[in-house]
Amino acid sequence: MSAPVFLIEAARLTADRVVLDGPEGRHAVTVRRLRPGERVDLTDGAGLLAEGVVAAVEGKDRLVVDVLARHRHDPPSPRLVVVQALPKGDRGELAVETMTEVGVDEIVPWQAARSITRWRADRKDKALARWRSTAREAAKQSRRSRLPEVADLADTARVAARLSAAARALVLHEQASVPLRAVDLPATGDIVVVVGPEGGITDEELDLFTESGAVPVRLGPTVLRTSTAGVAAAAVLLSATGRW
């Protein structure tokens, strides 16, 4: 069984004995019920991972960990960014969870023209916090030493700007003639792929994205839900770039 992963500040990982407290310590003690002698890994979420063993349990929210070894994982290259149109219901959290698990480096929530869900001003911060919390927990579950970034909500103009700056820009579209697996991919820089909403990308959005340098591509003969298309595209791209 793999050792559980917990997040902790980078400055605290320099010591040979580390105290894990707060919400992470409480989860380790009361939920995971870790005991002395059990293996545990600690990460700062930015590439530093410390392998450890539980030395002591103090109360209900403190775990003392002896560090056995440290590993620094370099940032992946190329970097994979998925622009995810807001799905309806809780499918947004599902999309974030699965894309985090497969290894997406950044997720950009996008308010598309045909998005059914709308992050109004009075609920945007709360919705974004849910996405970020989902990414954090999925990263721990999948034993990532680097947490994915969940960017602020983007409008179509900001998405176009991200596409213009990318090393390779792609838009998933069911009517595209180019299969995703056939696209040439860079060895470095950002690969940015856009996933549209349930109602599809409008002609105006597609025109703007192609003018910004994006290539329309299709995944396959079937049309996937917006909440699953991103993870399917990520799997293809991570395999094609050699990251998988």
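This one's a predicted model, so the numbers in the text were calculated from it and none came from an experiment.

Q: Break down unusual backbone geometry for me, citing the residues and quoting the values.
A: Backbone torsion omega between Ser77 and Pro78 reads -5°, so that peptide bond is classified as cis. Looking at the element boundaries, Pro78 is found in the loop between strand E5 (62-72) and strand E6 (79-85). Its identity as a non-glycine residue notwithstanding, Arg33 has a phi of 55°, on the positive side. Take Arg33: it is sitting in the loop between helix H1 (22-31) and strand E3 (39-43). For Arg33, a relative accessible area of 54% corresponds to the exposed category. For Arg143, which is not a glycine, the phi torsion comes out positive at approximately 60°.

Q: Talk me through the UniProt feature "domain: Ribosomal RNA small subunit methyltransferase E PUA-like" (unreviewed entry) in the chain; I want residue IDs and the actual numbers.
A: UniProt tags residues 20-67 as "domain: Ribosomal RNA small subunit methyltransferase E PUA-like" (unreviewed entry). The span residues 20-67 is 21% helical and 48% strand by assignment, and the distance between its end C-alpha atoms comes to 12 Å.

Q: I'd like a description of helix H2 (residues 91-102), backed by residues and values.
A: With twelve residues, H2 should cover 16 Å at 1.5 Å per step; its first-to-last C-alpha distance of 17 Å lies within 8% of that length. The complete set of buried residues in H2 reads Gly92, Glu93, Ala95, Val96, Thr98, Met99, Thr100 and Val102. In the core, the buried residues of H2 are packed alongside E6, strand E7 (106-110), helix H3 (124-141) and helix H6 (226-240). Just downstream of H2, Gly103 is the residue with a positive phi angle, here 120°.

Calculation criteria
- Residues numbered from 1 in each chain as written.
- Predicted model: local features only at pLDDT ≥ 70, side-chain atom pairs only at ≥ 80, totals over all residues.
- Heavy atoms only, no water.
- Helix = DSSP H or I, 4+ residues; strand = E, 2+ residues; numbered from the N terminus.
- Buried < 20%, exposed > 50% of the residue type's maximum accessible area, 1.4 Å probe, protein only.
- UniProt positions renumbered as here; feature names shortened; annotations may be inferred.
- Expected span 1.5 Å × (residues − 1).
- Contact = heavy atoms within 4.5 Å.

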